[in-house]
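Spelled out from the first residue to the last, the chains are:
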Amino acid sequence: YSVSLVGPAPWGFRLQGGKDFNMPLSISRLNEGGKAARAQVGIGDVVLTIDGISTDGMTHLEAQNKIKACTGNLNMTLQR
């Protein structure tokens, strides 16, 4: 499923995993009442794309930087 969070940050979620951890990038925490929680994002959901760019092979830091670079809307494709 796809979500579009209206910017600017904070987006209200924390990531875990990445290529450097040999784990898929996923949502590890949601801030209560945050933008991600209001968009029905779930803890444990796997992040497949960030602004149309596949997270396959992305390190944790690369993903964080991609998300930080989003000043307008943050578009992500997630898998429950």
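- The name given to the protein in an unreviewed UniProt entry is PDLI5 protein, with Jacana jacana as the source organism.
- Recorded in UniProt under Subcellular location (unreviewed entry), the annotation for the protein is "Cytoplasm".

### Observations concerning the packing of aromatic side chains
Link 1 in the chain: All told, the structure shown has zero aromatic pairs when counted by the stated rule.
Link 2 in the chain: We note Arg-80 situated over the ring of Tyr-1; from NZ or CZ to the ring centre the distance is 4.3 Å.

### What about the nonpolar core?
Link 1 in the chain: Among the nonpolar cores identified, the biggest contains 18 residues, and Phe-13, Leu-15, Val-47, Leu-74 and Met-76 are the most heavily contacted of them.
Link 2 in the chain: For this core, the element with the highest residue contribution is strand 6 (residues 74-79), accounting for three residues.
Link 3 in the chain: In this structure, Leu-15 is in contact with Leu-25, Ser-26, Ile-27, Ser-28, Val-47, His-60, Ala-63 and Ile-67, ignoring residues within four places of it in sequence.

### Considering the UniProt feature "domain: PDZ" (unreviewed entry) in the protein
Link 1 in the chain: UniProt records the feature "domain: PDZ" (unreviewed entry) for residues 7-80 in the present numbering.
Link 2 in the chain: The straight-line gap between the two end C-alpha atoms of residues 7-80 is 23 Å; of that span, 18% is helix and 36% is strand.

### Description of the environment of Asn-31
Link 1 in the chain: With respect to the helices and strands, the residue Asn-31 is situated in the loop between strand 3 (23-30) and helix 1 (35-38).
Link 2 in the chain: When the C-alpha positions of Asn-31 and Phe-13 are compared, they lie 6.0 Å apart, and in sequence the two are 18 residues distant.
Link 3 in the chain: Other than its neighbours up to four places away in sequence, Asn-31 contacts Gly-12 and Ala-37.

### Comments concerning helix 2 (residues 60-68)
Link 1 in the chain: Along helix 2, the positions that sit buried rather than exposed are His-60, Ala-63 and Ile-67. Looking straight down helix 2, one finds its buried side chains confined to an arc of 70 degrees; they lie on one side. Opposite the buried face of helix 2, by more than 90 degrees, sit the exposed residues Leu-61 and Lys-68.
Link 2 in the chain: Contacts from the buried residues of helix 2 go to strand 2 (13-18), strand 3, strand 4 (46-50) and strand 6.

Cut-offs and rules
Residues numbered from 1 in each chain as written. Predicted model: local features only at pLDDT ≥ 70, side-chain atom pairs only at ≥ 80, totals over all residues. Heavy atoms only, no water. UniProt positions renumbered as here; feature names shortened; annotations may be inferred. Phe/Tyr/Trp six-rings, centres within 6.5 Å; stacked < 30°, edge-to-face > 60°. Lys NZ or Arg CZ within 6 Å of the ring centre and 35° of its normal. Core = buried A, V, L, I, M, F, W, Y, C linked by side-chain atoms within 4.5 Å. Buried < 20%, exposed > 50% of the residue type's maximum accessible area, 1.4 Å probe, protein only. Helix = DSSP H or I, 4+ residues; strand = E, 2+ residues; numbered from the N terminus. Contact = heavy atoms within 4.5 Å. Arc of directions from axis to C-beta.

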